[in-house]
Amino acid sequence: MRLILIVAAVMVVMYGIDKFLAGQERNEVRQDAHLAFAAGERLLREGKPNEAVLNFGRAHALQRSNPDYEIALASAQLAEGRIDTARNTLDNVLQDDSNNARANLLMARVMVAKQAFSAADSYYHRAIYGAWPANSQRERADIRLELADLLAKRGANEELLSELLLLQNEPATDPDREARVAALLLQAGTASRAADAYRALIHRDPENPAAFAGLAQAETLRGNYRAARSAYRSALRIDPGDAPLRGQQEMVERLANLDPTPRHLSSAEKYSRSLEILTLVNDELRACMHDIAPVATPPKPKGAVTNELAESVLQNAERLWKARSDSCKQPPEPFDPLPVLMKKLSQQ
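Residues numbered from 1 in each chain as written. Predicted model: local features only at pLDDT ≥ 70, side-chain atom pairs only at ≥ 80, totals over all residues. Heavy atoms only, no water.

Enquirer: Describe the overall build of the protein, and please don't skip the residues or the numbers.
Expert: The helix and strand inventory of the protein stands at 16 helices and zero strands. Evaluated residue by residue, the protein yields a buried proportion of 39% over its 348 residues. Considering only residue pairs separated by 6 or more positions, the protein has 52% of its internal contacts joining residues 24 or more positions apart. Summed over all atoms, the accessible surface of the protein reaches about 20000 Å², with 52% contributed by carbon and sulfur. (Helix = DSSP H or I, 4+ residues; strand = E, 2+ residues; numbered from the N terminus. Buried < 20%, exposed > 50% of the residue type's maximum accessible area, 1.4 Å probe, protein only. Contact = heavy atoms within 4.5 Å. Areas by Shrake-Rupley, 256 points an atom, 1.4 Å probe, with all protein chains shown as cover.)

Structure representation (structure tokens):
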């Protein structure tokens with residue numbers, strides 16, 4: 001009986017020693033994997049994806065149960081330009097956890113690199129609504145903004161506007177993101193919403209020249225040239241040395257003085273502006289096509305000037321502008337007000 005007890009005690013001790021040694025080995029493996037992972041992160045930050053791949057690969061080989069190491073490996077492979085390899089790595093992660101937000105984000109970028117934009121859009125949304133750590137609102141907003149940038153580059157304005165409206169529902173805590181959203185609203189052609197977004201930025205920071213310049217661009221697109229002129233003046237008050245801004249301001253000054261559409265104009269003033277527009281359009285057409293005969297200035301009307309007379313002159317100017325657009329390869333000069341004004345008139 002005593003011998004049995006001794007053997008049992010020895011077995012318990014041996015089991016404890018084995019368990020201790022196994023734990024020590026696991027700790028060492030975990031530590032080695034962590035060091036390899038940290039080295040990979042540093043190398044990736046330093047722009048050395050080739051070396052980062054080796055370190056992330058070692059970390060993943062040592063601890064295959066840790067998805068963070070496999071996701072990091074995929075990010076380095078993507079940075080290295082090994083698109084298909086990164087996709088295979090991410091496929092492994094998503095097979096185990098299809099809701100992994102970081103893996104879905106990287107897969108979206110893989111799809112963008114492969115120009116599979118429909119698939120990319122799907123993966124971006126899986127990343128936005130996928131599993132993130134707590135307090136991940138900023139990450140979700142950043143991903144949506146990345147998707148919005150992609151949609152803007154593709155000219156997908158309807159989808160872009162949907163994403164931007166959702167971004168505008170986010171708490172106003174990041175001025176840089178708000179400024180990018182405002183610029184994208186402008187690019188999407190929603191000048192009214194862009195103007196509101198820029199006004200919100202100005203309300204938060206009344207000394208922000210970029211916000212005033214953005215507001216001026218939005219008001220110019222809306223055809224509100226007097227409001228645009230005021231916004232440019234505010235921007236230049238804050239940053240008087242900005243030469244391109246001054247060029248834009250001079251253009252809207254000219255637009256405000258040429259625009260024949262304000263309701264407060266008398267028929268005589270509208271007619272006078274219409275004649276000036278016709279002359280400018282004719283001058284640009286002749287500068288491009290030298291064999292075009294000059295358009296005769298309409299004779300001074302007998303009696304009162306009417307709105308119909310002004311509209312007749314504007315129709316002639318629009319016809320000539322279309323001829324210029326169809327026939328002239330030479331683009332208009334920078335800060336030329338005519339392209340902006342003629343576009344507005346064509347939409348009246």
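Enquirer: I'd like a rundown of unusual backbone geometry, residues and numbers included.
Expert: It is generally the case that most residues other than glycine have a negative phi and that most peptide bonds are trans. Notably, Gln-115 is not glycine yet its phi reads approximately 60°, a positive angle. One can find Gln-115 in the loop between helix H5 (101-113) and helix H6 (117-129).

Enquirer: A description of the nonpolar core should follow, citing residues and the corresponding values.
Expert: Counting 79 residues, the largest nonpolar core has Tyr-124, Leu-164, Ile-277 and Met-342 as its most contacted members. Apart from residues no more than four positions distant in its own chain, Ile-277 is found in contact with Leu-258, Pro-260, Leu-314, Ala-317, Leu-338, Leu-341 and Met-342. By size, the runner-up hydrophobic cluster in this structure holds twelve residues, among which are Ala-36, Leu-43, Val-53 and Leu-73. (Core = buried A, V, L, I, M, F, W, Y, C linked by side-chain atoms within 4.5 Å.)

Enquirer: Which residues make up helix H11 (residues 209-221), and what values do they have?
Expert: The end-to-end C-alpha distance of H11 is 19 Å, a good match for the 18 Å that 13 residues give at a rise of 1.5 Å each. Residues of H11 that are buried include every one of Ala-211, Phe-212, Ala-213, Gly-214, Leu-215, Ala-216, Ala-218, Glu-219 and Thr-220, and no others. N-cap assignment for H11: the residue whose side-chain oxygen lies 3.1 Å from the backbone N of Ala-210 is Asn-208. Once H11 finishes, Gly-223 follows within two positions and takes phi at roughly 85°, a positive value. (Expected span 1.5 Å × (residues − 1). Polar contact = N/O pair within 3.5 Å; in protein donor to acceptor, adjacent residues only side chain to side chain.)

Enquirer: Go over the packing of aromatic side chains with me, naming the residues and quoting the values.
Expert: Per the counting criterion, the structure on display carries two aromatic pairs. Where Phe-37 meets Tyr-69, the ring centres are 4.9 Å apart and the plane angle is 40°; that geometry is what we call tilted. Here Phe-37, found in helix H1 (residues 2-45), pairs with Tyr-69, found in helix H3 (residues 67-80); they are 32 residues apart in sequence, far enough to count as distant. Of the two residues examined, Phe-37 and Tyr-69, each falls in the buried class. The ring centre of Tyr-123 lies 4.8 Å from the NZ or CZ of Arg-126, which sits over that ring. (Phe/Tyr/Trp six-rings, centres within 6.5 Å; stacked < 30°, edge-to-face > 60°. Lys NZ or Arg CZ within 6 Å of the ring centre and 35° of its normal.)

Enquirer: Quick one: what's the story with the pattern of salt bridges, residue by residue and with numbers?
Expert: One pass over the structure, following the stated rule, counts 24 salt bridges. Arg-42 is paired through a salt bridge with Glu-46; the nearest N and O atoms lie 3.5 Å apart. With relative accessibility at 38%, the residue Arg-42 sits in the partly exposed group. Overall, the relative accessible area of 42% leaves Glu-46 in the partly exposed class. In this structure, the salt-bridge partner of Lys-48 is Glu-46, at a minimum N-O distance of 3.5 Å. One salt-bridge network, in which partners are shared between bridges, spans Arg-138, Asp-142, Asp-174 and Arg-177. (Salt bridge = Lys/Arg side-chain N within 4 Å of Asp/Glu carboxyl O.)

Enquirer: Give me the lowdown on H6, citing residues and values where you can.
Expert: Compared with an ideal rise of 1.5 Å per residue, which puts 13 residues at 18 Å, H6 spans 18 Å between its outermost C-alpha atoms and is within 8% of the ideal. Within H6, the full set of buried residues consists of Ala-120, Tyr-123, Tyr-124, Ala-127 and Ile-128. Down the axis, H6 shows its buried residues gathered within 145° of arc, on one side only. For H6, exposure combined with an orientation more than 90 degrees from the buried face picks out Ser-118 and Tyr-129. Along its buried surface, H6 packs onto helix H4 (83-96), H5 and helix H7 (137-154). (Arc of directions from axis to C-beta.)

Enquirer: Outline the packing of helix H13 (residues 243-258) against helix H14 (residues 267-288), listing residues and values.
Expert: Following both chains from N to C, one finds H13 and H14 inclined at 130°, their axes separated by 9 Å at the closest point. Regarding the angle of H13 to H14, the classification is oblique. Residues Arg-254, Ala-256, Asn-257 and Leu-258 of H13 form the contact with H14, whose own contacting residues are Arg-273, Glu-276, Ile-277 and Leu-280. Looking at the contact of H13 with H14, its residues break down into four nonpolar, one polar and three charged. (Axes fitted to C-alpha atoms, helices over the stretch in contact; angles between N-to-C directions. Parallel < 35°, antiparallel > 145°, perpendicular 65-115°, else oblique. Nonpolar A, V, L, I, M, F, W, Y, C, P; charged D, E, K, R; others polar.)

Enquirer: Please give an account of the environment of Gly-47 that cites residues and values.
Expert: The topology assignment puts Gly-47 in the loop between H1 and helix H2 (49-62). Under the relative-accessibility criterion, Gly-47 is labelled exposed at 55%.

Enquirer: Provide a residue-level description of the side chain of Lys-270, including the pertinent values.
Expert: Position of Lys-270 relative to the elements: it lies in helix H14. Excluding residues that lie within four positions of it along the chain, Lys-270 makes contacts with Pro-260, Leu-265, Asn-307, Ala-310, Glu-311 and Leu-314.

Enquirer: Could you give an account of the environment of Ala-310, with specific residues and numbers?
Expert: Turning to its location among the elements, Ala-310 is positioned in helix H15 (residues 307-327). A residue is classified by how much of its surface remains accessible, and Ala-310, at 0% relative accessible area, is buried. What Ala-310 contacts, discounting residues up to four positions off in sequence, is Lys-270, Tyr-271 and Ser-274.

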